[in-house]
Amino acid sequence: MKAVILNASAWMIVPVMDAFAKFLSNSMSVFQIAWARYFFSVLFTLSLMLFFYKKTLVWSKNPKLQIIRGFVLAFSTLCFFYAISVISLPKALTLAFVAPITCTAFSPIFLNEKVGIRRWSAVLVGFLGALIVIRPGFIEVNLATLAAISCGICYGFYFIITRKLSTSDNPLLTLLFTSVVGLSIISLFLPSVWVKPSLNEWIIMALIGFIASVAHLFLIISLKYADASKLAPLGYTEIITNILISYYYFNELPDNWTYLGLFIIVLSGLYIAKREYHHGKSTY
């Protein structure tokens, strides 16, 4: 029960971070918002490790893979922050839900895992759900829509790399390493896009980094008490908070096509998680 509460709590608070990012996108670049997410995540994670987990402050056993992981997550974050600055939170999140499906699709290549015909069918159905949401040929497919899809695909690769690192590096070390890499990359673009934030904007920027760190920490702790395959379906609870926030604060609701696509994507993802559980492996 403890694992379920922590995992579900993590996914339920992530849309709050997304809403803050969408709010800030009215006055600043997504690069500056992403920089804040990583900068304050580094401060929080490093402080936590210095006070409670000093032994985890060791060098990575696989630094090259850590750097790739950090780069992939940074690009995914930029794509998602850009997407929600243009399209609604629910639509962007629905498209990003292709992440676990992408992970399953590429697992045979990068993890040498066997994926049977049933899970391949679920992968195809999941991408069909994404096509229903964007409806190419029926409505204009804009850059924000493609960015949301790219976010999901990148996050799928992020899952794959995380699984490779799970056997070598401490989870908190991986969290810190990822944040430092993301901060280093995005800082290169910061001088050309920086605008001076107000006090309220600084507070919101700090909250984005804090929420990101807490959510990741909850996920890490939850995995100590339960298998990832059992917790995987809880990731879809994120859409509940996402839709509520989108409606009350941005007056946005998904259209019927988005609801249909969401249903198909979630259904395929749940089926994949079920098959992974029965095979003793995790999609996440």
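Since the structure is predicted, the reported quantities are computational estimates derived from the model, not experimental observations. (Residues numbered from 1 in each chain as written. Predicted model: local features only at pLDDT ≥ 70, side-chain atom pairs only at ≥ 80, totals over all residues. Heavy atoms only, no water.)

Draft legend 1. The arrangement of the pattern of salt bridges in detail. A full pass over the atoms with the stated rule returns one salt bridge. Between Lys22 and Glu252 there is a salt bridge, and its shortest N-O distance comes to 3.6 Å. Residue Lys22 is located in helix α1 (residues 2–24), and its partner Glu252 is located in the loop between α12 (238–250) and α13 (256–278); the two are separated by 230 residues in the primary sequence. Each member of the pair, Lys22 as well as Glu252, is classed as buried. (Salt bridge = Lys/Arg side-chain N within 4 Å of Asp/Glu carboxyl O. Helix = DSSP H or I, 4+ residues; strand = E, 2+ residues; numbered from the N terminus. Buried < 20%, exposed > 50% of the residue type's maximum accessible area, 1.4 Å probe, protein only.)

Draft legend 2. Looking closely at helix α5 (residues 99–110). Inspection of α5 places Ala99, Pro100, Ile101, Thr102, Cys103, Thr104, Ala105 and Ser107 among the buried residues, and these make up the whole buried set. With its phi angle positive at about 55°, Asn112 sits one or two positions after the end of α5.

Draft legend 3. Representation of the confidence of the model for the protein. When pLDDT is averaged across the protein, the result is 83; 89% of the residues are at 70 or more. Per-element confidence in the protein is highest for helix α9 (residues 190–193), whose mean pLDDT is 94, and lowest for helix α11 (residues 228–231), whose mean pLDDT is 59. (pLDDT = per-residue confidence, 0-100.)

Draft legend 4. Region of interest: the nonpolar core. In this structure, Phe81 and Phe97 are the most contacted members of the largest nonpolar core, which totals 80 residues. Sorting elements by how many residues they give to this core places helix α7 (residues 143–165) first, with 12 residues. Residues in contact with Phe97, not counting those within four places in the same chain, are Gly235, Tyr236, Glu238, Ile239, Leu262, Ile265 and Val266. (Core = buried A, V, L, I, M, F, W, Y, C linked by side-chain atoms within 4.5 Å. Contact = heavy atoms within 4.5 Å.)

Draft legend 5. Layout of the packing of helix α4 (residues 89–96) against α12. At their nearest, the axes of α4 and α12 sit 8 Å apart, and the two run at 160° to each other. In terms of orientation, α4 and α12 fall into the roughly antiparallel class. Regarding α4 and α12, the two cross each other, and that crossing is right-handed. Between α4 and α12, the contacting residues are Leu89, Pro90, Leu93 and Thr94 on the first element and Glu238, Ile239, Asn242, Ile243, Ile245, Ser246 and Phe250 on the second. The class makeup of the residues in the contact of α4 with α12 is seven nonpolar, three polar and one charged. (Axes fitted to C-alpha atoms, helices over the stretch in contact; angles between N-to-C directions. Parallel < 35°, antiparallel > 145°, perpendicular 65-115°, else oblique. Left-handed = near helix turned anticlockwise from the far one by under 90°. Nonpolar A, V, L, I, M, F, W, Y, C, P; charged D, E, K, R; others polar.)

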